[in-house]
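Fold and contact review
Listed below are the residues making up each chain.
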Amino acid sequence: MSETSYPPVSQHLSDVEAAREEGRRKMDWALQHMPILNALRDEFVDEQPLDGETIAMAMHVEAKTANLVELLADGGAEVAITGCNPLSTHDDVSAALDTHESITSYAVRGVDDEEYYDAMHACIAHEPTITVDDGMDMVKLVHEEYPDLIDSIVGGAEETTTGVDRLRAMDADGELHYPVFAVNDTPMKQLFDNVHGTGESSLATIAMTTNLSWAGKNVVVGGYGQCGKGVAKKASGQNANVIICEVDPRKALEAHMEGYEVLPMREAAKKGDVFITTTGNRDVITREHFEEMEDGVLLANAGHFDVEVNLEDLDDLAVDRYEVRDGVEGFEMADGRVLNVIAEGRLVNLAAPISLGHPVEVMDQSFGVQAVVVRELAANGESYEPGVHDVPDELDREVADIKLAAEGVEYDALSDEQREYMDSWEHGT
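Residues numbered from 1 in each chain as written. Predicted model: local features only at pLDDT ≥ 70, side-chain atom pairs only at ≥ 80, totals over all residues. Heavy atoms only, no water.

Thoughts on the pattern of salt bridges
A complete count under the given rule lists 28 salt bridges for this structure. Between Arg20 and Glu17 there is a salt bridge whose closest N-O contact spans 2.9 Å. One end of the pair, Arg20, and the other, Glu17, are both in helix 1 (residues 16–32), three residues apart, so they sit about a helical turn from each other. One salt bridge in this structure joins Asp193 and Lys189, with 3.6 Å as the shortest N-O distance. Taken together, the residues span about one helical turn, with Asp193 and Lys189 both in helix 8 (residues 187–210) at a distance of four residues. Each member of the pair, Asp193 as well as Lys189, carries the same accessibility label: buried. Within the structure, one salt-bridge network assembled from shared partners comprises Arg24, Asp28 and Glu70. (Salt bridge = Lys/Arg side-chain N within 4 Å of Asp/Glu carboxyl O. Helix = DSSP H or I, 4+ residues; strand = E, 2+ residues; numbered from the N terminus. Buried < 20%, exposed > 50% of the residue type's maximum accessible area, 1.4 Å probe, protein only.)

See below:
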């Protein structure tokens, strides 16, 4: 592996051995509940499908992600990884990863912007042949500052909605010069990770961070995509009153017909007790909304970057700001109201002090898709043109089959006659 100026995580910690031991304990617990990665591990170890590949990753470095990273390394790859959010790294897990002979982890919790990108540069210095991203920062950096590497990169994979949106914009501009699989958009990701994972983990994190109940609260959800649907569904299930804010008329109508109240944010701001953004866009909640909010509201982001709740506007309005609870900052307005921001407006289920991210079983599915996509790139990357690609359906189904087998669930199959009927246009009434 290449030498870099930014040191791996082990050189950032005071008690490396204790961190490694605790990180391994977290990883082992998660792996007990990840049947997909366990099944793929047997295959990857036996067949070494990633032999000769170097993978650069920018992900949320915690126990579940770490098991994906080790799977790729055990499959023959050299892996360099860093965080994709300054507050989502678990230092102990990062340290445990760094002990693997084929893994170098640069992920450290709480880095500033300069250190965040220094670590990403360190990963790219390993001269990757495959990139795995959560938010697209790695792909962007490769294209902007390391164009000489593009010809040797067979492809990449992108985990999340925000990253896929950015990649599609890059592709539309003709600026994406190697193939990237939109892992986020495949059914095994959308139907489970985005809905159940985001919904359950966001609400659990907010409840644990604040020690407050959901019952009877007015919960305002910004955005009714898959993540917003999950947050709304789980909040409603905990007896909250859910209000949806949307910019797409079809999604707004869908939310209305699901029984939720639908309002513009300027009206919802007057009613909400808890605000959770899930859009991936900026300025979902701004000055005009803060001015209308009640004393004591909670503001959280379950999207990707920390731009959905406009903290510059909030800071400008505040006459004081202070920590009211671990992971919660209060912004006091001139009239005495206090608006409370959780996890600095960053991804709440990963950036809050006690956050654990999505449930283990959910991420097993998403990371199973990541693993088979990386395997596909190593085997057939040259057959994909530059640009954003859907995950081949047979790979998504493979992961579903592994999960169902592990759960002991059997399901039907089409007969030859049924398959012929569905594939033919000649059958009429």
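Don't stop here, the text continues.
Focus: the UniProt feature "binding site: substrate" (unreviewed entry) in the protein chain
Within this numbering scheme, the UniProt entry marks Asp134, Glu159, Lys189 and Asp193 as carrying the feature "binding site: substrate" (unreviewed entry). Judged by maximum C-alpha separation, these annotated positions cover 60 residues in sequence but sit close together in space, the widest gap being only 13.5 Å. A residue is classified by how much of its surface remains accessible, and Asp134, at 8% relative accessible area, is buried. For Asp134, the contacting residues outside a window of four places in its chain are Ala58, Met59, His60, Cys84, Glu158, Glu159, Thr160 and His304. On the secondary structure map, Glu159 appears in the loop between strand 5 (155–158) and helix 7 (161–172). Its relative accessible area of 3% is what places Glu159 among the buried residues. Ignoring any residue separated from it by four or fewer positions in sequence, one finds Glu159 in contact with Asp133, Asp134, Val183, Asn184, Lys189, Asp193, Met363, Ser366, Phe367 and Gln370. (UniProt positions renumbered as here; feature names shortened; annotations may be inferred. Contact = heavy atoms within 4.5 Å.)

Concerning the pairing of strand 12 (residues 318–325)
As a general feature of sheets, a regular strand has side chains that alternate between the two faces. Across six bridges, strand 12 lies against strand 13 (residues 328–333) in antiparallel orientation. The residue bridging Arg321 from the neighbouring strand is Phe331, located in strand 13. In textbook terms, the turn of a hairpin is the stretch between consecutive antiparallel strands, and for strand 12 and strand 13 this stretch comprises two residues, one of which, Gly327, has a positive phi near 90°. (Pairing = 2+ DSSP bridges.)

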